[in-house]
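# Summary of structural features
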Amino acid sequence: MEQLVELNTYVEFGGHYKPPDCIPLQRIAIIIPFRNREHHLRHWLYYLHPILRRQQGEYGIYVIEQAGENTFNRAKLLNVGFVEASKENNYDCFIFSDVDIVPENDRNLYRCSQNPRHLACAMDKFGYKLPYTGYFGGVVAFTKEQYLKINGFSNNYWGWGTEDDDTYKRVTLSGMSVDRPDRNIGRTKMIRHQRDKGNEVNEKNYVVYNRMKYTRNQDGYISLKYSLIKIEKNQLFTKITVDIGKPPS
Ligand code: UD2
Ligand code: MN
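Everything in this summary refers to the structure shown in the same document. The model shown is predicted, which means the values in this text are computed figures rather than measured ones. (Residues numbered from 1 in each chain as written. Chains lettered and ligands numbered in written order. Predicted model: local features only at pLDDT ≥ 70, side-chain atom pairs only at ≥ 80, totals over all residues. Heavy atoms only, no water.)

Let us now look at the packing of aromatic side chains. The relative placement of two aromatic rings is captured by the distance of their centres and the angle of their planes. Tallying each qualifying case throughout the model produces 18 aromatic pairs. On the basis of an interplanar angle of 90° and a centroid distance of 5.0 Å, the ring pair of tyrosine 46 and tyrosine 47 is categorised as edge-to-face. According to the relative accessible area criterion, tyrosine 46 is partly exposed, its value standing at 43%. Between the aromatic rings of tyrosine 62 and tyrosine 91, the centroid separation amounts to 5.8 Å while the plane-to-plane angle is 80°, which identifies the pairing as edge-to-face. Of this pair, tyrosine 62 sits in strand S3 (residues 58-66) while tyrosine 91 sits in the loop between helix H3 (74-88) and strand S4 (93-97), and the two are 29 residues apart along the sequence. Owing to a relative accessible area of 0%, tyrosine 62 belongs among the buried residues under this scheme. Of the aromatic side chains, those joined through ring pairs into one cluster are Tyr62, Phe82, Tyr91, Phe94, Phe96, Phe136, Phe142, Tyr147, Phe153, Tyr168 and Tyr221. (Phe/Tyr/Trp six-rings, centres within 6.5 Å; stacked < 30°, edge-to-face > 60°. Buried < 20%, exposed > 50% of the residue type's maximum accessible area, 1.4 Å probe, protein only. Helix = DSSP H or I, 4+ residues; strand = E, 2+ residues; numbered from the N terminus.)

Structure follows, in structure tokens:
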């Protein structure tokens, strides 16, 4: 981590960057759901800070850590990230990224666009193409307005899977479509890994998914509940640790 800090002296404390010689059109918060992936985070910071700087955006990095051992809830952590980052700065654009994904091409701009944007549209693990049309996992970008329009993400997906499909459906049901970069530009790599302990596949997620048409207006940004445990400012990122509860028994 010390070496990483030395390599990226242009980053301001807390993981912020602002280009010195132009006025950026978007203020970007990058939100990373997190627990127990320090090695991936180092990897991500090593690659992403230089890329984001070259893209001349104004950005802040927020690592949202789920405290405790309860089942992981990725999408709920993303909602927390939206709320907490918004308290710090008037961000226009929110990029929600897995900790283990790195773009291969600088021209894959970490920016928001007309519609919610799917940045990880050509992943190495899927043969550099979409595994299915509605795939919306990995890295996505929403303006504040787009995020609020879909009522954020569902808080009810505990464990691995389906929360990204839920998000895609929220987007289409809200009358928006998805923007993606060209397949050559959208190439990304995911660091190979095993499924984490505490993030097992949850069959109940399909039940949540099948109901979402009726529940999405109540479940999301509007119903988010959590308690803040700690805000830790590091040189290259801000880490926010939260208690988000546990799945219903
Ligand atoms: C896929 C999707 C991801 C999400 C997930 C299902 C890709 C590239 N990504 O990822 O967007 O839809 O399926 O939930 O296809 N994490 C931790 N600690 C944990 C568990 C998860 O930090 O213990 C975070 C971390 O940022 C990780 C992300 O959650 O990258 C997604 O979890 P994963 O990487 O285990 O799932 P994966 O690769 O199948
Ligand atoms: Mn992964």
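Counting residues in each nonpolar core, the largest one holds 32 residues, and the members touching the most others are Ile30, Tyr59, Ile61, Ile95 and Tyr110. Elements that contribute at least two residues to this core include exactly strand S2 (27-34), helix H2 (38-54), S3, S4, strand S5 (101-103) and strand S8 (139-143). The leading source of residues in this core is H2, at five residues. Once residues within four sequence positions are removed from consideration, tyrosine 59 is found in contact with Tyr10, Val11, Gly15, His16, Tyr17, Ile28, His49, Leu52 and Arg53. (Core = buried A, V, L, I, M, F, W, Y, C linked by side-chain atoms within 4.5 Å. Contact = heavy atoms within 4.5 Å.)

The mixed open sheet is built from three strands, whose spatial order is S5-S9-S7. Each having just a single partner strand, S5 and strand S7 (122-123) make up the two edges of the open sheet. Sheet topology places S5 next to strand S9 (residues 187-190); three bridges connect them, and they run antiparallel. Bridge pairing links isoleucine 101 to methionine 190 in S9. (Pairing = 2+ DSSP bridges.)

Under the 1.5 Å per step criterion, the end-to-end length of H2 is 25 Å for 17 residues, consistent within 8% with the ideal 24 Å. Of all the bends in H2, the largest measures some 30° and sits at leucine 48, one to four residues before the proline proline 50. All buried positions along H2 are accounted for by His40, Leu41, Trp44, Leu45, Leu48, His49, Ile51 and Leu52. On its buried face, H2 sits against helix H1 (2-7), S2, S3, S4 and S5. Immediately beyond the C-terminal end of H2, within one or two residues, lies glutamine 56, with a positive phi of roughly 55°. (Expected span 1.5 Å × (residues − 1). Bend = angle between axes of the 7 residues up to and from the residue.)

Before going further, it helps to examine the site of ligand 1. If you check the shell around ligand 1, you find 24 residues, and the closest are Pro33, Arg35, Tyr135, Trp160 and Glu163. A distance of 2.7 Å separates an oxygen atom of ligand 1 from a polar atom in the backbone of proline 33. One nitrogen or oxygen atom from the main chain of arginine 35 is found 2.8 Å from a nitrogen atom belonging to ligand 1. For ligand 1, the protein covers 97% of the area, taking 720 Å² as the surface of the free molecule. Elements represented by at least two residues in the shell around ligand 1 include exactly S2 and helix H5 (163-173). Classifying every residue of the shell around ligand 1 by side-chain character gives ten nonpolar, five polar and nine charged. (Near = heavy atom within 4 Å. Polar contact = N/O pair within 3.5 Å; in protein donor to acceptor, adjacent residues only side chain to side chain. Areas by Shrake-Rupley, 256 points an atom, 1.4 Å probe, with all protein chains shown as cover. Nonpolar A, V, L, I, M, F, W, Y, C, P; charged D, E, K, R; others polar.)

The next thing to look at is the state of the cysteines. Per the stated rule, a full pass over the model turns up one disulfide. For cysteine 93, the disulfide goes to cysteine 112, at an S-S distance of 2.2 Å. Taking the sign of the S-S torsion, 85° for the link of cysteine 93 and cysteine 112, the bridge is right-handed. Within this pair, whereas cysteine 93 is found in strand S4, its partner cysteine 112 is found in the loop between S5 and strand S6 (117-118), the two being separated by 19 residues in sequence. Judged by relative accessible area, which is 0%, cysteine 93 ranks as buried. The class of cysteine 112 is buried, set by a relative accessible area of 8%. (Disulfide = S-S within 2.5 Å.)

This brings us to the side chain of arginine 37. Along the chain, arginine 37 turns up in the loop between S2 and H2. Only 3.0 Å separates the side chain of arginine 37 from the side chain of histidine 40, close enough to count as a polar contact. When residues no more than four places from it in sequence are discounted, the contact partners of arginine 37 are Val99, Asp100, His193 and Asp196.

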